[in-house]
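Chain and residue survey
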Amino acid sequence: MMQDVIQPLHGVPKRAAKACWKRWHCLSSGFLISRVMRQSSKKPGKIIRVGFIARGGLSEKGIGVYQEMQSRKEFETVILVSPVRNRITKQDGKDHFPYEKYQDAIPAASLGTDVKKWNLDYVIFFEQYPRLYSKILWASCLARSVRCCYIPYGCSGSRKIDRENAQNPFFEYMHLFFASSQAELKEHVRGRKKGRDRLRKKVFLGYPYLEHILKQQKEQSERTAQGDFVPKVTWTPRWTSSHEIGAGGSNFLRYKDDFLALARCSRTIQFGFRPHPMMFDELILRGDMKERDKKGYLKALEDAGVYIDLDSPVEAVFQNTDVLLSDYSSILLPFTAMGKPVIYCDAGVVLNSEMEAVSSHFFVADNWEEVQKCMQKLSGREFYNQTCQEIRMFANQHFAVHKGASKRITDYILCDYRRNIRNE
């Protein structure tokens, strides 16, 4: 363990390095910030330190970039962990991060409040909402001492949402913005051309998460329908209120009773239920549900044989799902990239060019009766296999631009660092 800590300290005396280790051990932190390390950071050949912001776990959106950087001698990674904040109490909850899987993961609170002493060159965000993190990890605090980067939380698919996101003050603190598509990049370039944002770099180099999903496609393609095929349909409901724009589609409050009734009587389809992790908290905060209503509904689903998943990574849900029932969502693109069909409940959202291209392979339903017809159609083994084959062919061609995204993003950060060193 000591060797792992001492080795990156190029040119640091062994005695000083051991002192660093002792201080690190006392802080119970895997990333030491000390005067010796700050001095060594100014020496030639410095390793580039990159922090990955994480909550319950390292985002699957950035796992490719993380692994790419770990494989390179120019980089040293550290995962800065924030407890998952309770949306109702607005307090930090318990820290459930799987530290046993990542030797470089640290509770950010253990590093102190002086960000300069963290000795980081870059930090990478995967979510743009400060309220989700401890205040110490807010972009407005980190940007004073570290170059902040952003890899999108989800695949953008709406022109309206792209434009709204482009106006989010969060992006004023981003040094590098890696768009998930050309359509998203276009709106961000158009939306921010004034003031400080002129100095920010916005690029599209491919989306690492879609790159990751494409690697899983071959494995999933072998799981074709055989024998007595009983498809598993997973519902990912929308959680906006009925009075909000784009609240149609598979809105939870609109379809919850229909979904439960079908699950109780169907013998030809398996059902899964995977709401957004914050859905029930939001509904309770708005007064649309009470805690007892949530528990009662989940119990009814369980009794009907529905598989309930409240917090697993979306990728795990994809792997165990044959058909996705949803409306506008960032998960539509990666699920299609996996080569599987989507029943799309039109919510009236104006799609961007990226989502429009993919939506040509959706099964569109405007009401619950049409949803049931689509399910029945896809429950046939031959039709399901043929549909998956067509979607895979489309996905391999359309999403090919995302292959190699993690390497390109890593290369870009390396070039950005060297460019900044030359200009200093």
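Above this note sits the structure.
Residues numbered from 1 in each chain as written. Predicted model: local features only at pLDDT ≥ 70, side-chain atom pairs only at ≥ 80, totals over all residues. Heavy atoms only, no water.

Let us now look at the overall build of the protein. Within the protein, the regular secondary structure consists of 17 helices and 13 strands. Counting every position in the protein, which comprises 424 residues, the buried fraction comes to 54%. For the protein, the accessible area works out to roughly 20,700 Å², and carbon and sulfur atoms hold 50% of it. (Helix = DSSP H or I, 4+ residues; strand = E, 2+ residues; numbered from the N terminus. Buried < 20%, exposed > 50% of the residue type's maximum accessible area, 1.4 Å probe, protein only. Areas by Shrake-Rupley, 256 points an atom, 1.4 Å probe, with all protein chains shown as cover.)

What follows concerns unusual backbone geometry. Of note, Asn119 is a non-glycine position whose phi angle comes to about 60°, a positive value. In this structure, Asn119 sits in the loop between strand E3 (105-107) and strand E4 (122-125). Residue Asn119 is classed as buried on the basis of its relative accessible area of 10%.

With respect to topology, six strands assemble into an open sheet ordered E10-E9-E8-E11-E12-E13, the strand pairing being parallel. At either end of the open sheet lies a strand with only one pairing partner, and these are strand E10 (307-308) and strand E13 (363-365). Helix H15 (residues 368-378) contacts strand E8 (232-235), strand E9 (270-273), strand E11 (323-326), strand E12 (342-345) and E13 of the sheet and is inclined by roughly 155° relative to E13. (Pairing = 2+ DSSP bridges. Contact = heavy atoms within 4.5 Å. Axes fitted to C-alpha atoms, helices over the stretch in contact; angles between N-to-C directions.)

What follows is about the environment of Asp288. Topologically, Asp288 is positioned in the loop between helix H10 (279-286) and helix H11 (291-303). Since its relative accessible area comes to 33%, Asp288 is described here as partly exposed. Placed 35 residues apart in sequence, Asp288 and Leu253 show a C-alpha to C-alpha distance of 8.5 Å. Of note is the side chain of Asp288, whose polar atom sits 3.3 Å from the side chain of Arg286. (Polar contact = N/O pair within 3.5 Å; in protein donor to acceptor, adjacent residues only side chain to side chain.)

Turning our eyes to something else, we now look at the pairing of E4. A regular strand places its side chains so that they alternate between the two faces of the sheet. A two-sided burial pattern is seen for E4, the buried positions comprising Tyr122 and Ile124 on one face and Val123 and Phe125 on the other. Two strands pair when backbone bridges link them, and strand E1 (residues 48-54) and E4 are joined in this way by three bridges, in the parallel orientation. Note that in E4 the partner of Gly51 across the bridge is Val123.

By the secondary structure assignment, Asn420 is in helix H17 (residues 405-423). Of the residues examined, Asn420 reaches a relative accessible area of 17% and is grouped as buried. For Asn420, the residues in contact, after removing those within four places along its chain, are Tyr122, Arg147 and His175.

This next bit is on H10. Within H10, burial applies to Met279, Phe280, Glu282, Leu283 and Ile284. Those residues of H10 hidden inside the fold are in contact with helix H9 (252-265), E9 and H11. Where H10 terminates, the next one or two residues include Gly287, which has phi positive at roughly 85°.

Next up on the list: the packing of H9 against H11. Put simply, H9 and H11 touch, their axes get as near as 9 Å, and they point 30° apart. With respect to H11, the axis of H9 lies roughly parallel. Of the two elements, H9 crosses H11, and the hand of that crossing is left-handed. Facing H9, whose interface residues are Phe252, Lys256, Phe259, Leu260 and Arg264, H11 presents Tyr297, Ala300 and Leu301. Of the residues that constitute the contact of H9 with H11, the class distribution is six nonpolar, no polar and two charged. (Parallel < 35°, antiparallel > 145°, perpendicular 65-115°, else oblique. Left-handed = near helix turned anticlockwise from the far one by under 90°. Nonpolar A, V, L, I, M, F, W, Y, C, P; charged D, E, K, R; others polar.)

Attention shifts here to the sheet that holds strand E2 (residues 75-81). If you trace the seven strands from one edge of the open sheet to the other, you get E3-E2-E1-E4-E5-E6-E7, paired in parallel fashion. The sheet is open, and its two edges are formed by E3 and strand E7 (201-203), each paired on a single side. When the angles between neighbouring strand axes are averaged without regard to direction, this sheet yields 25°. Examined bridge by bridge, strand E5 (residues 147-150) and strand E6 (residues 174-178) share three bridges and lie parallel to one another. If you follow Cys148 over to E6, its bridge partner there is Met174. Seen against the sheet, helix H4 (residues 63-70) touches E1, E2 and E4 and runs at an angle of roughly 140° to E2.

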